[in-house]
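# A closer look at the structure
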Amino acid sequence: TINTACESGSGNQVQFAAGSYTGWDSVLDIPAANGCIITGPSNASQPFVGTAILNSDGNIPTTGTIMALTGCSGSSPGASATVEYLTFQKTGGIDVPASCGGFEITHNEFTGNNPAIGSSYHAAIGMEGTGSDLNAGWDISWNNFHDNC
C-alpha cells in the first residue's frame with residue numbers, strides 16, 4: 001500500500017500508472033516524514049497535465065480533498081514528501097496540515113472543482129494554519145489550476 005511504501009524507508013516512490021482512478025470515499029493519508037514521492041507518469045508534451053487522473057466522480061470525501069499529508073517533518077522541499085505529475089479532477093486535491101514543512105507539490109493539474117450552486121468548494125491545495133503555524137521549506141510550483149471556482 002501507499003502507507004507501507006512511504007513509511008518503510010527514505011525516498012521511496014509510489015507511482016500511479018496512466019489512467020483514471022475513481023470511487024474515492026475517504027482521504028488518502030500520505031505519511032510525509034521520509035521523503036516519499038507520490039507520482040504519475042511525466043507528460044513531456046504537456047508537463048502540467050497529468051496522465052494519472054484522480055477523479056472524485058462526485059464522491060468528494062468529507063474533507064474535500066483526495067490526499068492529506070500527515071506527519072510532515074522536513075525543513076527543505078521534498079524532505080517530507082513530494083506529490084507530482086497527477087491530475088486532481090472534480091475535487092479538492094491535497095490538504096496540508098499546520099506545522100507541515102519539507103514538502104513539494106509540483107507539476108500537477110487541478111481541474112473541474114466546480115460544486116453545485118449553494119454547495120461549498122474545496123481547495124485545490126488546502127494550507128491549514130496561519131503565520132508561524134506554517135513551517136518553512138516547502139515548494140508549490142509548476143502546477144496548473146483551471147476550470148475551478
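The structure reproduced in this document is the subject of the present report. (Residues numbered from 1 in each chain as written. Predicted model: local features only at pLDDT ≥ 70, side-chain atom pairs only at ≥ 80, totals over all residues. Heavy atoms only, no water.)

### Considering the overall build of the protein chain
Cut-off, in case you're wondering: Runs of E in the DSSP output that reach at least two residues are strands. Runs of H or I that reach at least four are helices, and both are numbered from the N terminus. The criterion used for residue contact is that any of the two residues' heavy atoms lie within 4.5 Å. The Shrake-Rupley method, run with a 1.4 Å probe, gives the accessible areas here. Residue values count only the displayed protein chains as cover.
Along the protein chain, the regular secondary structure elements total one helix and 14 strands. Sequence separation of at least 24 residues holds for 75% of the intrachain contacts in the protein chain that already meet a minimum separation of 6. Carbon and sulfur atoms make up 50% of the accessible area of the protein chain, which totals about 7,000 Å².

### Section: the nonpolar core
The condition is simple: By nonpolar core we mean a set of buried residues, namely Ala, Val, Leu, Ile, Met, Phe, Trp, Tyr and Cys, connected to one another through side-chain atoms within 4.5 Å. Using a 1.4 Å probe on the protein chains alone, a residue whose accessible area is under 20% of its type maximum counts as buried, one over 50% counts as exposed, and one in between counts as partly exposed.
Residues Phe16, Ile38, Met67, Leu69, Leu86, Phe88 and Ile94 are the most contacted members of the largest nonpolar core, which totals 28 residues. Among the elements that take part in this core, strand β6 (residues 65-70) stands out by supplying three residues, more than any other. Apart from residues no more than four positions distant in its own chain, phenylalanine 16 is found in contact with Ile2, Tyr21, Leu28, Ile38, Thr39, Gly40, Pro41, Ala52, Leu54, Met67 and Leu86.

### Examining the packing of aromatic side chains
Convention followed: By convention, a stacked pair of Phe, Tyr or Trp rings (six-membered ring in the case of Trp) has centres within 6.5 Å and planes under 30 degrees apart, an edge-to-face pair has planes over 60 apart, and any other such pair is tilted.
Inspection of the entire model under this criterion finds four aromatic pairs. Residues phenylalanine 88 and phenylalanine 110 carry aromatic rings whose centres are separated by 5.1 Å and whose planes lie at 5° to one another, so their mutual orientation is stacked. Taken together, the residues span a long stretch of sequence, with phenylalanine 88 in strand β8 (residues 86-89) and phenylalanine 110 in strand β11 (residues 109-111) at a distance of 22 residues. Phenylalanine 110 carries the same exposure label as phenylalanine 88, and that label is buried. Consider the rings of phenylalanine 103 and tryptophan 138, whose centres lie 5.9 Å apart with planes at 0°: the pair is stacked. Of this pair, phenylalanine 103 sits in strand β10 (residues 103-106) while tryptophan 138 is found in the loop between β12 (125-127) and β13 (139-141), placing the two residues 35 residues apart along the sequence.

### With respect to the state of the cysteines
Note on terminology: disulfide describes a covalent bond linking the sulfur atoms of two cysteines. The condition is simple: Disulfides are defined in this document as cysteine sulfur pairs within 2.5 Å.
For the coordinates displayed, the defined rule picks out two disulfides. Cysteine 72 shares a disulfide with cysteine 100; S-S distance 1.9 Å. Across the S-S bond of cysteine 72 and cysteine 100 the torsion is about -65°, and the bridge reads as left-handed. One end of the pair, cysteine 72, is in the loop between β6 and β7 (81-84); the other, cysteine 100, is in the loop between β9 (92-96) and β10, and 28 residues separate them in sequence.

### Here's the deal with unusual backbone geometry
The residue tyrosine 85 is not glycine, and still its phi comes out positive at about 60°. Along the chain, tyrosine 85 falls in the loop between β7 and β8. Positive phi values are uncommon outside glycine, yet tryptophan 142 reaches one of about 55°. Within the element layout of this structure, tryptophan 142 appears in the loop between β13 and β14 (144-146).

### Observations concerning the sheet that holds β11
Put simply, the rule reads: By this definition, two strands are paired if DSSP reports at least two bridges between them. Angular values range over 0 to 180 degrees, each being the angle between N-to-C directions of two axes fitted as lines to C-alpha atoms, with helices fitted over their stretch in contact.
The strand order across the open sheet formed by five strands is β2-β5-β8-β11-β14, and the pairing between neighbours is parallel. Strands with a single pairing partner mark the edges of an open sheet, and in this sheet they are β2 (19-21) and β14. Neighbour-to-neighbour, the strand axes of this sheet turn through a mean angle of 15°, independent of strand direction. In terms of strand pairing, strand β5 (residues 52-55) meets β8 through four bridges, oriented parallel. When the sheet's bridge partners are listed, alanine 52 is paired in β8 with leucine 86.

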